Amino acid sequence: MSNYPLNDEDWQRITAKFPPDIAVLAHKYPCEIYNALDALDDEPLGSNYIPKAIDVYNDVDDEPVFQVWEGELERYVPSERKNAAAIQVGIDGNWVYIEIEGKVILDKLGGVILPEVNITESLVLELLLKQIQRKGTF
């Protein structure tokens, strides 16, 4: 989560597009609200759309906590928290789903067909070891 102030122009755009109970979340989750605002007018994904890339972010980490490329798990970072306050899902470089504090802010999933991801114990261990090497911890 980034903490940067909203300017008047941004605040006007946000309040024009979102109901008040959603707009007020911009002060606490500006990054998530900006991403939703940018994707708000996008069309939902088409029927039977099969994504190549899926990225899942939470409100704590700057990098994806879960990443799939062409059906292969590429990244998995376990979270210390049981539930994230905000979740953002990007598919093929576009924001398609954003949820903040249990409220769905953006849902452009449409007719997407999520790929079956083959996850083995050895793959999860490999990804966790990479995470340890990168940061020195989970």
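Above this text is the structure in question.
Now for a quick tour of the structure. All of these numbers come straight from a predicted model, not from anything done at the bench.

Conventions adopted
- Note that residues are indexed from 1 along each chain, following the sequence as it is written.
- A pLDDT threshold of at least 70 governs which residues receive local features in this predicted model, and a stricter bar of 80 or more applies before side-chain atom pairs are shown or counted, although totals over entire chains, interfaces and linings include all residues.
- In computing side-chain properties, one takes all heavy atoms of the structure into account and sets aside hydrogens as well as water.
- To define axes, lines are fitted to C-alpha atoms, for helices over the stretch in contact only, and angles between the resulting N-to-C directions are given on a 0 to 180 degree scale.
- Put simply, DSSP H or I for four residues or longer makes a helix, DSSP E for two residues or longer makes a strand, and each gets a number counted from the N terminus.
- We call a crossing left-handed when the near helix sits turned anticlockwise from the far one by less than a right angle, and right-handed when that turn is clockwise.
- Two residues qualify as a contact provided that any one of their heavy atoms is within 4.5 Å of a heavy atom in the partner residue.
- We call Asp, Glu, Lys and Arg charged. Ala, Val, Leu, Ile, Met, Phe, Trp, Tyr, Cys and Pro are nonpolar, and the rest, Gly among them, are polar.
- Grouping buried Ala, Val, Leu, Ile, Met, Phe, Trp, Tyr and Cys residues that are joined through side-chain atoms within 4.5 Å yields what is termed a nonpolar core.
- Think of it in three bands: with a 1.4 Å probe and only protein chains considered, a residue is buried below 20% of the maximum accessible area for its type, exposed above 50%, and partly exposed in between.
- If DSSP finds at least two bridges between two strands, the strands pair.

### Some details on the packing of helix H1 (residues 8-17) against helix H3 (residues 30-39)
So, step 1. Two elements in contact, H1 and H3, have axes separated by 11 Å at closest approach and are oriented at 65°. The crossing of H1 and H3 is left-handed. Between H1, through Asp10, Arg13, Ile14 and Lys17, and H3, the contact on the second element is made entirely by Ile33, Tyr34, Leu37 and Asp38.
So, step 2. Taken together, the residues that form the contact of H1 with H3 break down as four nonpolar, no polar and four charged.

### Looking at the nonpolar core
So, step 1. Membership of the largest hydrophobic core comes to 18 residues, with the highest contact counts inside it found for Ile14, Phe18, Ile33, Ile100 and Ile105.
So, step 2. Elements represented by at least two residues in this core include exactly helix H2 (20-23), H3, strand E5 (94-100) and strand E6 (103-107).
So, step 3. Here the element with the most residues in this core is H3; it accounts for five residues.
So, step 4. When residues no more than four places from it in sequence are discounted, the contact partners of Ile33 are Ile14, Phe18, Ile22, Leu25, Ala26, Ile100 and Ile105.
So, step 5. Judged by nonpolar contacts, the second largest core, of 13 residues, contains Leu45, Val89, Tyr97 and Val112.

### A look at the sheet that holds strand E1 (residues 53-58)
So, step 1. Ordered by their spatial adjacency, six strands build an open sheet running E3-E2-E1-E4-E5-E6, and the pairing between neighbours is antiparallel. Here the strands that pair on one side only, and so sit at the sheet edges, are strand E3 (72-76) and E6. Strand-to-strand twist across the sheet, computed as the mean angle between neighbouring axes with direction ignored, equals 15°.
So, step 2. As paired strands, strand E2 (residues 66-69) and E3 are joined by four bridges and run antiparallel to one another. The partner of Trp69 across the bridge, within E3, is Glu72.

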